[in-house]
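The primary structure of each chain is shown beneath.
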Amino acid sequence: MLDQIKGLHHVTSMADDARTNNHFFTHVLGLRRVKKTVNFDAPDVYHLYYGDEIGTPGTVMTYFPFPEMPRGRAGTGEVGTTVFSVPQGSLRFWQDRLATLGVTGLKEEETFGEKRLNFAGPDGDGFALVEVKDDPRMPWTAGGISEDHAIRGFHSVAMRLRDEGATAELLKFMGYEELDHKDGVTRLIVPGGNASRIVDIETMPNVNRAAQGAGSVHHVAFAVDNREKQLEVRKALMDTGYQVTPVIDRDYFWAIYFRTPGGVLFEVATNEPGFDRDEDVAHLGEALKLPQQHKHLRPILESHLQKLED
């Protein structure tokens, strides 16, 4: 069993409109845009990152907004819900705020003893807020939401699978332990991990596979401290039979990817070097940042990419 993985690093999804996506995360949810760059493999498409003040691993939601992308179809083989942590007693504030701002899919419930508010993103994305007592992470409050209510970062992700067996075993190999099981949902946790250390598996044996599109999670990334730990994880996964990519430099972290038995794409990302490697913390996410291989495209991209704000 591995001990290098500390919990979630980031979650990456797809959208069909960059401006709408930016507005939702920065104005509706009050997160900070910590990086405005491009999809390294398709530079005519943004890669937008939202999180806390510095983009701490475990707080960062990222998006590829593909213009006019068809909406995805929910199903198995995907991350169905991305869950954020908020302070105890704040769900009433969020219920009122999201309803006033026209957010759909609002539903209050209690799961695993936690109060929860489900809601949908602009592309039908599955989201929830969960009240967490004494989450130590400092929120970004310059987005207009007070510290008493602001999002702290991820609480968990929930994967929808037709059969949990092989994926649950993989997560246990990655250092997760089963914490609870209730109503067809298995909750796993990394003991001693970061504040985003929970993964839920929803078993849905009779549900068709998902079709990816706008509103779908593209991949979920798990955090390791550094490149040395990442290489240890890569070797262990390959020794177990997984097909793992070489290490890829994503400028703000190094990444490896592999497909899980249930169909979800996993990434293992380093906590180093961070989002302030090419911008001062005070100005994170303001300028368009391009990887070295795409710097020559700046004039074209600046005229092509949609303006995020007026």
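Predicted model, so just to flag it, every value in this text is computed and none were measured.

### Quick word on the nonpolar core
For soluble globular proteins, the rule of thumb is that nonpolar side chains tend to be buried together. L29, L129, L171, F222 and F266 are the most contacted members of the largest nonpolar core, which has 63 residues in total. With sequence-adjacent residues up to four places away left out, F266 is seen in contact with M159, L170, L171, M174, V220, F222, I256, Y257, F258 and T260. Core analysis: the second largest hydrophobic core is formed by 12 residues, V60, F253, A269 and L284 among them.

### Some thoughts on the pairing of strand β5 (residues 78–87)
Most of β5 is tucked away, with 10 of its 10 residues classed as buried. Two strands pair when backbone bridges link them, and β5 and strand β8 (residues 126–132) are joined in this way by six bridges, in the parallel orientation. Opposite T82, over in β8, you have F127 as the bridge partner.

### Quick notes on the pattern of salt bridges
A complete count under the given rule lists 15 salt bridges for this structure. R187 is paired through a salt bridge with D200; the nearest N and O atoms lie 2.8 Å apart. Remark: D200 occurs in strand β12 (residues 198–203) and R187 occurs in strand β11 (residues 185–189); sequence separation between them is 13 residues. Neither R187 nor D200 differs from the other in exposure class; each is buried. K235 is paired through a salt bridge with D239; the nearest N and O atoms lie 2.8 Å apart. One end of the pair is K235 and the other is D239, both in helix α4 (residues 227–239) and four residues apart, which spans about a single turn.

### Regarding the side chain of T81
Residue position: T81 is located in strand β5. The residues touching T81, leaving out its near neighbours within four places in the chain, are R116, G126, F127, A128, S156, V157 and A158.

### Let's talk about the packing of aromatic side chains
For the structure on display, the rule yields 16 aromatic pairs. When the ring of Y176 is compared with that of F222, the centres are 6.0 Å apart and the planes differ by 80 degrees; the resulting orientation is edge-to-face. On the criterion of sequence distance, the pair formed by Y176 in the loop between α3 (165–173) and β10 (177–182) and F222 in strand β13 (residues 217–224) is long-range, its members being 46 residues apart. Judged by its relative accessible area of 1%, F222 is buried. Ring geometry for F258 against F266: centres 5.8 Å apart, planes inclined by 80 degrees, an arrangement best described as edge-to-face. Grouping residues by exposure puts F258 and F266 together as buried. A network of ring pairs unites the aromatic residues F24, F25, Y50, Y63, F84, F119, F127 and F154 as a single cluster.

### What to know about the sheet that holds β10
Taken together, the eight strands give an open sheet; going across it, the order is β6-β7-β8-β5-β9-β12-β11-β10, and neighbouring strands pair in mixed fashion. In this open sheet, the two strands that pair with only one neighbour each are β6 (107–111) and β10. Going from strand to strand, the sheet's axes swing by 25 degrees on average, the running direction of each strand aside. Strand contacts of α3: β9 (153–161), β10, β11 and β12, with the helix running at about 170 degrees to β12, the strand carrying the most contacts.

Conventions we followed
- Residues numbered from 1 in each chain as written.
- Predicted model: local features only at pLDDT ≥ 70, side-chain atom pairs only at ≥ 80, totals over all residues.
- Heavy atoms only, no water.
- Core = buried A, V, L, I, M, F, W, Y, C linked by side-chain atoms within 4.5 Å.
- Buried < 20%, exposed > 50% of the residue type's maximum accessible area, 1.4 Å probe, protein only.
- Contact = heavy atoms within 4.5 Å.
- Helix = DSSP H or I, 4+ residues; strand = E, 2+ residues; numbered from the N terminus.
- Pairing = 2+ DSSP bridges.
- Salt bridge = Lys/Arg side-chain N within 4 Å of Asp/Glu carboxyl O.
- Phe/Tyr/Trp six-rings, centres within 6.5 Å; stacked < 30°, edge-to-face > 60°.
- Axes fitted to C-alpha atoms, helices over the stretch in contact; angles between N-to-C directions.

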